[in-house]
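Structural overview for review
Chain residues, written in single-letter form:
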Amino acid sequence: MSGSQHPSDVSGRLNTGIAHNARVWNYWIGGKDHYEVDQQVGDQVATMFPVIRDVARADRDFLGRAVRFLTADRGVRQFLDIGTGLPTLDNTHEIAQRIAPESRIVYVDNDPIVLVHARSLLVGTPQGATDYIDADAHQPDSVIAGASATLDLDQPVAVMMLGILNFVLDTEQALDIVRRIMASVPSGSYLALTHPTTDTDLGGEGNVEAMKFWNENATPPITARSRAEIGAFFDGMELLTPGLVSCSRWRAESQSAPVLPQFGAVAVKP
C-alpha cells in the first residue's frame, strides 16, 4: 500500500459520532460499512429527497459503463480514480482488468474508513497493478506525485472524478483542481465526472433542502452546481457522445432510464 499511513494508523481519525459521506453512500447502495448515525442521516435525507438512493445506484452504474467503455472501446489501460469511496462490487480495477488484465489503477481518497478497507482494492491481476494513495483532492500535486509511482504519466490516463468535486465548495478551486490534474496527463487522456445539480429539468430542486440538512448534520459539506458550472470542468476537452447528461442516461442500455439530478459525462483531452 502506498502513502504514509496504513490501516493501523488511522483509528484516531475515525469519527463515528457524525455521519460521513463515504459511509452514508455505502448505506444507500446497499453496503454494510456504515454506522447507526450514517443510517439515521441517510434515512432522513432519503425522506426529504426520495430519489437519492436511485442517484447513488445510478452513479455507481455510471462508473461501470464508463470504465467498460474506456477500456474496451477506447483502449485505456490506466485509471486514476479520485474519491474512491468504500470498496463494493465491481470496483474500477475489477472492471478494467476483467477486460484488459494489464490495466493499472490508482485509487485516491483521504477518508480514514476507506483507508481501512483499502487492501481489498489492491487485489488485482498479476499482469496489471493496483495501488491506493491516501491523499486529498484539494491537493492535486500530491495526487499526481503519488499516482506517478504506479502510472506512466507519459501515456493516456482516464481520470475518474465521480461525486467528488461537489465536496469542493468553491467553484474556482474545483475548476483549478481539474485543470491541474488534467494538465499532468498527456493528450489522449480522459476525464469521467459525475456531479449533483439543482437544475429543475433533472429534478434537482429537491437537492436544496436535502443538502442544507446534510451540511448541518454530516460531513464533509456538499454543494450542487448548474449544468453550465459542471460543463466548465470539461473546458478544453472534447465531450464524448452523449455529452453532459443525467448520469443514469449516459450510454445506458435503455434510454427509458429515469432522469436523475446527477450529471455525468466523459471527455477526451486533445
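You'll find the structure just up there.
What counts and what doesn't
The residue count restarts for each chain, going from 1 along the sequence in the order it is written. Only residues with pLDDT of 70 or above have their local features reported here, since the model is predicted, and side-chain atom pairs are shown and tallied only from 80 upward, although totals for entire chains, interfaces and linings are computed over all residues. Remark: hydrogens and water are excluded; side-chain values derive from all non-hydrogen atoms of the structure. A helix here means a DSSP run of H or I that spans at least four residues, while a strand means a run of E at least two residues long, and both kinds are numbered starting from the N terminus. For this measure, only C-alpha atoms enter the radius of gyration; the expected value for a globule follows 2.2 Å times N^0.38, where N is the number of residues. Think of it in three bands: with a 1.4 Å probe and only protein chains considered, a residue is buried below 20% of the maximum accessible area for its type, exposed above 50%, and partly exposed in between. Note on definitions: a residue-residue contact is assigned when non-hydrogen atoms from the two residues lie within 4.5 Å. Only four residue types enter the tally: Lys and Arg on the positive side, Asp and Glu on the negative side; His and the chain ends are excluded. Where a charge lies is defined by one atom per residue type, namely NZ (Lys), CZ (Arg), CG (Asp) and CD (Glu). All axes are obtained by fitting lines to C-alpha atoms, using only the stretch in contact for helices, and the reported angles, taken between N-to-C directions, cover 0 to 180 degrees. An angle below 35 degrees is treated as roughly parallel, one above 145 as roughly antiparallel, one from 65 to 115 as roughly perpendicular, and anything else as oblique. Helix crossings get a hand from a simple test, with the near helix turned counterclockwise from the far one by less than a right angle marking a left-handed crossing and a clockwise turn marking a right-handed one. Polar here means any residue other than Ala, Val, Leu, Ile, Met, Phe, Trp, Tyr, Cys and Pro, which are nonpolar, and Asp, Glu, Lys and Arg, which are charged; Gly is therefore polar.

Moving on to the overall build of the protein chain. Each helix and strand counted, the protein chain has nine helices and ten strands in total. Scaling as 2.2 N^0.38, a compact globule of 270 residues should have a C-alpha radius of gyration of about 18 Å, and the protein chain matches this with 17 Å. The C-alpha extent of the protein chain, read off along each of the three principal axes, is 45 × 45 × 35 Å. Out of the 270 residues in the protein chain, the part that is buried amounts to 53%. A fraction of 73% describes how many contacts in the protein chain between residues 6 or more apart in sequence connect residues 24 or more apart. Within the protein chain, the 33 negative side-chain charges are centred at a point lying 4 Å from the centre of the 21 positive side-chain charges.

Here the focus is the packing of helix 6 (residues 140–147) against helix 7 (residues 171–183). Two numbers describe how helix 6 lies on helix 7: the axes approach to 9 Å, and their chain directions differ by 25°. The orientation of helix 6 with respect to helix 7, classified from their angle, is roughly parallel. Taken as a pair, helix 6 and helix 7 cross one another with a handedness that is right-handed. Contacts between helix 6 and helix 7 involve Pro140, Asp141, Val143 and Ile144 from the first element and Ile177, Arg180 and Ile181 from the second. In terms of residue class, the contact of helix 6 with helix 7 is built from five nonpolar, no polar and two charged.

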